[in-house]
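Working through the structure, step by step
Here is how the chains run, residue by residue.
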Amino acid sequence: MSDEEFKAALSRLAAGVVLVTAHEPQTDPDAPRGEDAGMTATAFLSVSLDPPLVMVSLRSGSRMDDLLDEQPLWGVSLLAREQRHIAGRFAMRGRVSDRLLFEDLPYRRGEHTDAPLLNGALATLECRTEQRVEAGDHTLVIGRVLSANLPSGDGEPLVYFKGKYRALG
C-alpha cells in the first residue's frame, strides 16, 4: 500500500476540527510571560467517561508535541463552522509566530490550564496529560478533562473531509 492510497482511504473519514492550545511555562522569572501555542487537529476523540479522558494525535517533534511533553496542561476548542479561518491559520506550515496568530482572536484563559480557549467555539475543554504513547510518526496524548464548557453550543461543527474543511449538510 502506498502513502497516497492510505491517505485517500482515510480522507473518507469525516472528522471534527479542534484547536489545541497551551501556554508555555515561564522559565525565567525576569523574562516576559511565556507564549501561547496553538495547533489545528482533526485526530481528536473521546476515550473514556470515567475518568473523563480525551486523546489528540500530534506529529512527533512538532512544536505542540514538544510543548506538551514539558507542559502537562492544555486546552481544546471544538471549532464551529464559522471558525474555518482559525483552523486554516493554525494549520499552516512555516507560519508566523503563534503570538501573532492569537492577536486578533477573542478568547479567555482557562481557569485550570491558563491555555487560550476560543470564544465562539462549540465547546472548550481543559486537560492535563495522563499518558503519552509513541505511535509511528505521531504521539498520542491522552488527557484527563478538568473542565468542559459550552461557550456557543448551538452552532454547527467544522468538519474535515476529503482534504477540505466543510460544514454538515
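For the structure, see preceding data.
Residues numbered from 1 in each chain as written. Predicted model: local features only at pLDDT ≥ 70, side-chain atom pairs only at ≥ 80, totals over all residues. Heavy atoms only, no water.

1. Some words on the pairing of strand β12 (residues 164-167)
Threshold: DSSP calls a pair of strands paired once it identifies at least 2 bridges connecting them. Helix and strand assignments come from DSSP, with helices taken as H or I runs of at least 4 residues and strands as E runs of at least 2, each series counted from the N terminus.
By the bridge criterion, four bridges tie strand β11 (residues 158-161) to β12 in an arrangement that is antiparallel. Bridge pairing in β12 links V159 to R166. Between β11 and β12, which follow one another and run antiparallel, lie two residues, and K162 among them has a positive phi close to 50 degrees.

2. Structural notes on a positive patch on the surface
Note the following rule: A patch consists of residues whose relative accessible area exceeds 30% and which take part in no salt bridge; residues with like charges are grouped when within 9 Å of each other, and nonpolar side chains (Val, Leu, Ile, Met, Phe, Trp, Tyr) when within 5 Å. Computed with the Shrake-Rupley method and a 1.4 Å probe, the accessible areas treat only the protein chains shown as cover for residues. A pairing counts as a salt bridge when a side-chain nitrogen of Lys or Arg comes within 4 Å of a carboxyl oxygen of Asp or Glu. Counted charges follow a simple rule, with Lys and Arg positive, Asp and Glu negative, and His plus the chain ends left uncounted. By convention, the charge on Lys lies at NZ, on Arg at CZ, on Asp at CG and on Glu at CD. The rule is simple: take the accessible area with a 1.4 Å probe, protein chains only, and divide by the maximum for that residue type; under 20% is buried, over 50% is exposed, in between is partly exposed.
Taken together, the side chains of R12, R84, K162, K164 and R166 make up a positively charged region of the molecular surface. Within the secondary structure, K164 sits in strand β12. Judged by its relative accessible area of 51%, K164 falls in the exposed class.

3. Looking at the environment of D114
Looking at where D114 falls in the secondary structure, it is placed in the loop between β7 (107-109) and β8 (116-118). For D114, a relative accessible area of 27% gives the class partly exposed. D114 sits 35 residues away from N149 along the chain, and the two C-alpha atoms are 15 Å apart.

4. Structural notes on the sheet that holds β12
Condition: Should any heavy atoms of two residues lie within 4.5 Å, those residues are considered in contact. Lines fitted to C-alpha atoms define the axes, with helix axes restricted to the stretch in contact, and inter-axis angles between N-to-C directions lie between 0 and 180 degrees.
Reading across from one edge, β1-β11-β12 is the order of the three strands in this open sheet, with antiparallel pairing throughout. With one partner strand each, in any of the chains shown, β1 (15-16) and β12 form the two edges of the open sheet. Of the pairings in the sheet, the one linking β1 to β11 comprises two bridges and is antiparallel in character. Opposite A15, over in β11, you have Y160 as the bridge partner. Along the sheet, helix α3 (residues 84-91) contacts β11 and β12; its crossing angle with β12, the most-contacted strand, is approximately 165 degrees.

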